[in-house]
Amino acid sequence: MNEITTDVTMPSDLQLNLVNEAATAELAQRLAQQVRAGDVIFLQGELGAGKTTFTRHFARALGIEGRIKSPTYTLVESYTLNAGTHDATTLHHFDLYRLGDPREWYSAGFDEYLNDRTIALIEWPSQAAGALPAPTFSLTFEHADDLTDVDVESFDGVRRVRVAGTVNRLSSLG
Ligand SMILES: Nc1ncnc2c1ncn2[C@@H]1O[C@H](COP(=O)(O)OP(=O)(O)OP(=O)(O)O)[C@@H](O)[C@H]1O
Ligand SMILES: [Mg+2]
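Values in this document were obtained by computation on a predicted structure and should not be read as measured data.

Asks: Please provide a residue-by-residue account of the overall build of the chain, values included.
Replies: Scanning the chain from N- to C-terminus turns up four helices and seven strands. Listing the helices and strands of the chain from first to last along the sequence gives β-α-β-α-β-β-α-β-β-β-α. Computed over C-alpha atoms, the radius of gyration of the chain comes to 17 Å, within 12% of the 16 Å expected from 2.2 N^0.38 for 174 residues, which places it in the range of a compact globule. Counting only C-alpha atoms, the chain reaches 55 × 45 × 35 Å along its principal axes. Taking all 174 residues of the chain together, the buried fraction comes to 29%. A fraction of 73% describes how many contacts in the chain between residues 6 or more apart in sequence connect residues 24 or more apart.

The structure is reproduced here in structure tokens:
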């Protein structure tokens, strides 16, 4: 048969310009609408690229109220989720920047935090290389100082993000 079919589970990615924090918030809201229990989301990119900012908007979109602290020293902050289409009970926000060694991921018991009732956002996943499962989505943020077609006023706040995932899960984000 020569019929062409698209395998919706094929790896794919898309690149977006986030011209200001509001654009980052919008992406976080779109992702929050389609996230599901068991999803693991890697957040990559240099210091100040926007990983925690994205997480704050994502958590708000899932109905989390109150302060969303950066888990720089605690390594993880966990939030109870309200019932939703995602079917998850807990959101875990990891920042592994200060993880000394990937083995610490296991000794801290973090592998048990990821299961079919949780959603996990992981900043600096490279610090636990080899210990983490394959992510559902991997977002890589960077400063986009080279973009010349954006408003000069919002220039400082421009980011570029590459979102990697599978065809079916990326389709509502573009
Ligand atoms: N388009 C944008 N998207 C996201 N954040 C932006 C944007 N423009 C400006 N910012 C600002 O950039 C900063 C990003 O800081 P943030 O703490 O989110 O970075 P981070 O990637 O988590 O860094 P770290 O690796 O230190 O944890 C915030 O102060 C945010 O307000
Ligand atoms: Mg951060």
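Asks: So what about the nonpolar core? Which residues, and what values?
Replies: Ranked by internal contacts, the top residues of the largest apolar core, which has 34 residues, are Ile 41, Ile 122 and Leu 139. Secondary-structure elements contributing two or more residues to this core are α1 (21-34), β2 (40-44), α2 (51-61), β4 (90-95), β5 (118-123), β6 (137-143) and β7 (159-166). In this structure Ile 122 touches Val 40, Ile 41, Phe 42, Leu 43, Phe 94, Leu 96 and Leu 132, once residues within four positions along its chain are discounted.

Asks: I'd love a proper account of the site of ligand 1, names of residues and values included.
Replies: Near ligand 1 there are 17 residues, and of these Gly 50, Lys 51, Thr 52, Thr 53 and Gly 157 occur at the shortest range. Partitioned by chemical class, the residues of the shell around ligand 1 number four nonpolar, eight polar and five charged.

Asks: Provide a residue-level description of the pairing of β7, including the pertinent values.
Replies: The alternating pattern of β7 places Arg 159, Val 161, Val 163 and Gly 165 on a buried face and Arg 160, Arg 162, Ala 164 and Thr 166 on a face that is not buried. Pairing geometry for strand β1 (residues 11-18) and β7, over eight bridges, is antiparallel. The residue bridging Ser 12 from the neighbouring strand is Gly 165, located in β7. Here six bridges tie β6 to β7, and the two strands are oriented antiparallel to one another. Counted as the bridge partner of Thr 140 is Arg 162 from β7.

Asks: Give a detailed account of the sheet that holds strand β3 (residues 76-80), specifying residues and quantitative values.
Replies: Pairing between the strands of a sheet is mediated by backbone hydrogen bonds and can be parallel or antiparallel. The seven strands are arranged β1-β7-β6-β2-β5-β4-β3 in an open sheet whose pairing can be described as mixed. Among the strands making up the open sheet, the edge pair consists of β1 and β3. Each strand axis lies, on average, 15° off the axis of its neighbour in the sheet, ignoring direction. Strand direction decides the pairing type here: β2 and β6, joined by four bridges, are parallel. Bridged to Leu 43 within β6 is Leu 139. Lying on the sheet, α1 is in contact with β1 and β7; it crosses β1 at an angle near 150°. Its contacts with the sheet place α2 against β2, β3, β4, β5 and β6, and it is angled at close to 160° to β5.

Rules of the game
- Residues numbered from 1 in each chain as written.
- Chains lettered and ligands numbered in written order.
- Predicted model: local features only at pLDDT ≥ 70, side-chain atom pairs only at ≥ 80, totals over all residues.
- Helix = DSSP H or I, 4+ residues; strand = E, 2+ residues; numbered from the N terminus.
- Rg over C-alpha atoms; globule rule 2.2 N^0.38 Å.
- Buried ≥ 20, exposed ≤ 12 C-beta atoms within 10 Å, placed from the backbone.
- Contact = placed C-beta atoms within 7 Å.
- Core = buried A, V, L, I, M, F, W, Y, C linked by C-beta atoms within 7 Å.
- Near = placed C-beta within 6 Å.
- Nonpolar A, V, L, I, M, F, W, Y, C, P; charged D, E, K, R; others polar.
- Pairing = 2+ DSSP bridges.
- Axes fitted to C-alpha atoms, helices over the stretch in contact; angles between N-to-C directions.

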